[in-house]
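# Topology and contacts: notes
Here's the letter readout for the chains.
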Amino acid sequence: MTRHFLTGEELTSAELVSLLDRALELKADRSASSALEGSSVALVFERPSTRTRVSFEVGVHELGGHPVVLRGDELQLSRGESPRDTALVLSRFVAGIALRTGPHEVVEEVAEHASVPVINMLTREHHPCQVLADLLTLRERFGRLDGLRLAYVGDGNNVTRSLMVLGAKAGVEVAVATPARLALSGNSTGALMTEDPAEAAEGAHAVYTDVWLSMDDDADAADARRELLAPYRLDAALLERARDDAVALHCLPAHPGDEIASDVLYGPRSAVWDQAENRLHVQKALLEFLIGS
Ligand code: CP
Ligand code: NVA
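Scope of this entry: the structure provided in the associated data block.

### Re the site of ligand 2
Every residue near ligand 2 is listed here: Leu 122, His 127, Asn 157, Asn 158, Asp 210, Val 211, Ser 214, Met 215 and Leu 252. Taking Asn 158, its side chain carries an N or O atom lying 2.8 Å from a nitrogen atom of ligand 2. Here ligand 2, which alone exposes 270 Å², has 93% of that area covered by the protein. In the shell around ligand 2, the residues fall into four nonpolar, four polar and one charged.

Below is the structure:
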């Protein structure tokens, strides 16, 4: 059966642990695997990207495969060809399809009709590849995941949701602080939900934030969001609430002075550059798991 990775729900907890184990092996030796030799992988970007684009392209290459990077506007998708037909056709050429788009339904439709594995490289609702890298970063820092406490402060968005889904699978206790107006609806993961950033950060091993305006948010709302979210800035005072050895996390791109203070982003407790690098290693493990022979 073809396996996809759209939300992270697809993995068992045991599979998640072995994926992270494998990512550490691949990090220790970047040329350890040629699992994609002779295969091509389509990487479709209907939204901008720096980290995801480069880490997937380099990752497929390092596994011996050929990345076919496609911008949305150069595909017939942009002229109305359906995700279904795109999936049916791409499946005839490539061994896997990775996609960054807006509505999550698009990746679901592609996965429904593709005969090869489909990977979600970010939708408005989920960003599971990012959170694999986040978990790898925490695992490196603390030597384990089970029982760690992770606080997320700021806008309730795609990254928040994926932290809740995959955090629960990894045994991480997730605490989310957002203004009520920006809270995620529905929480079946057991995460603590609060409006108080200090409560979320209390005793945490990591304090995480993300942009206040995501790619698919209405740009006109930027000023109102900045005002609403100012008390949720990840700054030194908030980090003080966490453990002495706590790290600051951000999936990037960052806006220093808005959602994260500059001295935290560039300071000694920042793990964000490791987070970015870990995209490469963990996605190689994912590609190997889903597509590699
Ligand atoms: N964190 C992340 O997904 O970055 P990009 O948008 O640059 O890919
Ligand atoms: N929440 C952000 C994540 C960017 C990697 C967005 O969707 O724009």
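### A short note on the sheet that holds strand S7 (residues 192-194)
Ordered in space as S7-S6-S5-S8-S9, the five strands form an open sheet in which the pairing is parallel. One side of each edge strand has no neighbouring strand; the edge strands of this open sheet are S7 and strand S9 (247-250). Here the strands of the sheet are splayed against their neighbours by 20° on average, with no regard to which way each runs. Pairing between strand S5 (residues 149-153) and strand S6 (residues 173-177): five bridges, direction parallel. By the bridge assignment for S6, Tyr 152 is matched with Val 176. Across the sheet, helix H11 (residues 272-290) lies against strand S8 (206-209) and S9, angled at about 50° from S9, the strand it touches most.

Cut-offs and rules
Residues numbered from 1 in each chain as written. Chains lettered and ligands numbered in written order. Predicted model: local features only at pLDDT ≥ 70, side-chain atom pairs only at ≥ 80, totals over all residues. Heavy atoms only, no water. Near = heavy atom within 4 Å. Polar contact = N/O pair within 3.5 Å; in protein donor to acceptor, adjacent residues only side chain to side chain. Areas by Shrake-Rupley, 256 points an atom, 1.4 Å probe, with all protein chains shown as cover. Nonpolar A, V, L, I, M, F, W, Y, C, P; charged D, E, K, R; others polar. Pairing = 2+ DSSP bridges. Helix = DSSP H or I, 4+ residues; strand = E, 2+ residues; numbered from the N terminus. Axes fitted to C-alpha atoms, helices over the stretch in contact; angles between N-to-C directions. Contact = heavy atoms within 4.5 Å.

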